[in-house]
Amino acid sequence: MTLSEFLYMDGYYLYVWASYGLALVVMLAQFINPIRRKRQLLKQLGRKKRRGQRT
Amino acid sequence: MLQAITKLASLKNFYFFCGKLLPWFAWPTLILMIVGLYWGLVEAPADYQQKDSYRIIYIHVPAAWMSLFVYMVMATSAAASLIWKTKASEVVANSCAPIGAAFTFLALATGSLWGKPMWGTWWEWDARLTSELVLLFLYLGYMALQSAFEDKRTAARATAILAIVGVVNIPIIHYSVEWWFTLHQGPTVQVLQEKQAMDKSMLYPLMVMATAFKTYFATVLLMRSRNEILERESHTKWVQEEREHL
Amino acid sequence: MTPTRKRRLMMVLLIVLGVGTAAALALTAFNKNLMFFFSPSQVAAGEAPLNRSFRVGGMVKDNSVNRDDDGLTVRFIVHDNAKEVTIAYKGILPDLFREGQGIVAQGKLGSDGVFIADEVLAKHDENYMPPEVAAAMKPIGVDKQLKANN
């Protein structure tokens, strides 16, 4: 099987790759989102802490 | 045993417990995904009728299974928080909703992408497709309801009731292909059946992908739960200590 | 009530309304499906409506698929092991359409008894296998073989 044959998917490349692409985007976003959220939360906590010390 | 459970129910302990579990799901997910994708896309043979278009099944079926599984986890946790008022179960239920919505969306979208060339239509209001769409609305409704309340405990009570009521939809989705005339085919993979309707060379990669989706769900669930705990407990000393520790 | 709370409450109401309409739509759709799906036997018995769009479902009869001279219209016979209906369809057939396959056609019954379809959908079965396996099973028929094994 050549690479172009693989990518062609017997003519169904549009449907197959759209499905896999969609899954990749959605599942990667679901994974990265909490990582970014955690960083953001820890930053917020840091700010709260400093403010607490000043007063 | 009971003591261990009550100990876990405290958000602080649950946070660290989730952290310990995380790598045991995250790394297997990566390995299973790579193996499953290679097996399903490259190694598995084409179907005698659908040719290569059937390969969408390796996303569609695991996503559809997970859409039901995640709902059951969500409803069970919601019921637990309604009965025992445990905060940890509230956190788990809340973290399930967006992940379940994502799986449901993927199942619907990939099904549509398969249906267009094979059935000849993107969408059909048959019982299977419609009940799966209702499931998506249930997840979205849960999320909207959760954000509608200022007070976390009131929100937990309201969302728990929605989640529990929504459970009736789960058997409807599962048996829709038998109860009504649907365009959607009957179940291919059936547990406790020696001869499967799917050839082993195609079935095994499907099982690998299904396992990968399960460990993926556990990974994201643990991550989301930890974040929600940090948010809820931001005023406590241990969270401040945890921040300095990082 | 604060504006944000009011907005959120509105959102919840909208969602509830959305779920409600979806459920109502679903129920009517299922009922419609049950009502509007006629077998060739029912059509032959005159149970199907005239001058109104409905659905016919059945198996495509072997060696019955023909293309008209215009190169666009496809004619084929759908049967339910008892009665037959001839269907004429102008358009692209789904890739799963083939002789022996279960299909559903939406359209109207002409006065000559030919069903003019404006949509043809193919129903897939639950069998998945590589071509070699299918070829090996062919003499007995794939479906029968699988059923016998189960």
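Residues numbered from 1 in each chain as written. Chains lettered and ligands numbered in written order. Predicted model: local features only at pLDDT ≥ 70, side-chain atom pairs only at ≥ 80, totals over all residues. Heavy atoms only, no water.

Enquirer: Describe the environment of Gly 115 of chain B, naming the residues involved and giving the relevant values.
Expert: As for its placement among the helices and strands, Gly 115 of chain B is situated in helix α4 (residues 87-118). Setting aside its immediate chain neighbours within four residues, Gly 115 of chain B contacts Gly 120 and Thr 121 of chain B. (Helix = DSSP H or I, 4+ residues; strand = E, 2+ residues; numbered from the N terminus. Contact = heavy atoms within 4.5 Å.)

Enquirer: Just give me the short version of a nonpolar patch on the surface, but keep the residues and values in it.
Expert: Residue and element names in this part refer to chain B. A contiguous nonpolar surface patch, about 730 Å² in accessible area, is contributed by Trp 27, Leu 30, Ile 31, Ile 34, Val 35, Trp 39 and Tyr 204. In terms of residue count, the dominant contributor to the nonpolar patch is helix α2 (residues 11-43) (6 residues). Along the polypeptide, Trp 39 turns up in helix α2. (Patch = residues over 30% accessible without salt bridge, like charges linked within 9 Å, V, L, I, M, F, W, Y side chains within 5 Å. Areas by Shrake-Rupley, 256 points an atom, 1.4 Å probe, with all protein chains shown as cover. Salt bridge = Lys/Arg side-chain N within 4 Å of Asp/Glu carboxyl O.)

Enquirer: Break down the interface of chain B and chain A for me, citing the residues and quoting the values.
Expert: Listed as interface residues are 42 residues of chain B and, on the opposing side, 28 residues of chain A. Here chain B and chain A share an interface that buries about 3,200 Å² over both sides, 73% of which is from carbon and sulfur atoms. Looking only at chain B, the three residues that lose the most surface to chain A are Leu 41, Asn 227 and Arg 243 of chain B, adding up to 17% of its buried area. Taken together, chain B and chain A are joined by 1 salt bridge. Between Glu 231 of chain B and Arg 37 of chain A there is a salt bridge, with its nearest N and O atoms 3.2 Å apart. (Buried area = accessible area lost by both parts, 1.4 Å probe.)

Enquirer: Account for the pattern of salt bridges, naming residues and giving values.
Expert: All names here are of chain B. Under the criterion given, the structure shown has 8 salt bridges over all chains. Where Glu 90 meets Arg 232, a salt bridge forms, and the shortest distance between an N and an O atom there is 3.0 Å. Of the two residues, Glu 90 sits in helix α4 while Arg 232 sits in helix α8 (residues 200-232), which places them 142 residues apart along the sequence. You can call Glu 90 buried: its relative accessible area is 3%. Judged by its relative accessible area of 14%, Arg 232 is buried. (Buried < 20%, exposed > 50% of the residue type's maximum accessible area, 1.4 Å probe, protein only.)

Enquirer: Go over the packing of α2 of chain B against α8 of chain B with me, naming the residues and quoting the values.
Expert: All names here are of chain B. Packing of α2 against α8 leaves a shortest axis separation of 7 Å and a crossing angle of 155 degrees. Taken together, the axes of α2 and α8 lie roughly antiparallel to each other. You can see that α2 and α8 cross each other, and the crossing is left-handed. Taken together, the residues of the contact of α2 with α8 sort by class into 26 nonpolar, 9 polar and 2 charged. (Axes fitted to C-alpha atoms, helices over the stretch in contact; angles between N-to-C directions. Parallel < 35°, antiparallel > 145°, perpendicular 65-115°, else oblique. Left-handed = near helix turned anticlockwise from the far one by under 90°. Nonpolar A, V, L, I, M, F, W, Y, C, P; charged D, E, K, R; others polar.)

Enquirer: Can you lay out unusual backbone geometry for me, pointing to particular residues and giving the numbers?
Expert: The bulk of non-glycine residues show a negative phi, and the bulk of peptide bonds are trans. Notably, Lys 85 of chain B is not glycine yet its phi reads approximately 55 degrees, a positive angle. Relative to the assigned elements, Lys 85 of chain B resides in the loop between α3 (57-84) and α4. If you check the backbone angles, Asn 81 of chain C has positive phi at about 70 degrees while not being a glycine. Considering the arrangement of structural elements, one finds Asn 81 of chain C in the loop between β4 (73-79) and β5 (84-90).

Enquirer: Before we move on, could you go through the state of the cysteines and cite the residues and values that matter?
Expert: Following the criterion strictly, the structure yields 0 disulfides over all chains and no others. Here Cys 18 of chain B is not disulfide-linked; the sulfur of Cys 96 of chain B is the nearest cysteine sulfur, at 11 Å. (Disulfide = S-S within 2.5 Å.)

Enquirer: Lay out the packing of aromatic side chains in plain terms, naming residues and giving numbers.
Expert: A complete count under the given rule lists 19 aromatic pairs over all chains for this structure. Ring centres of Tyr 15 of chain A and Trp 122 of chain B lie 6.3 Å apart, and the angle between their planes is 50 degrees; this geometry places the pair in the tilted category. Taken together, the positions of Tyr 15 of chain A in helix α2 (residues 13-54) and Trp 122 of chain B in the loop between α4 and α5 (127-148) put the pair across two chains. Take Trp 122 of chain B: its relative accessible area is 43%, and that puts it in the partly exposed class. Each ring, one from Phe 69 of chain B and one from Phe 217 of chain B, has its centre 6.1 Å from the other, and the planes form 85 degrees; the classification is edge-to-face. Of this pair, Phe 69 of chain B sits in helix α3 while Phe 217 of chain B is found in helix α8, placing the two residues 148 residues apart along the sequence. (Phe/Tyr/Trp six-rings, centres within 6.5 Å; stacked < 30°, edge-to-face > 60°.)

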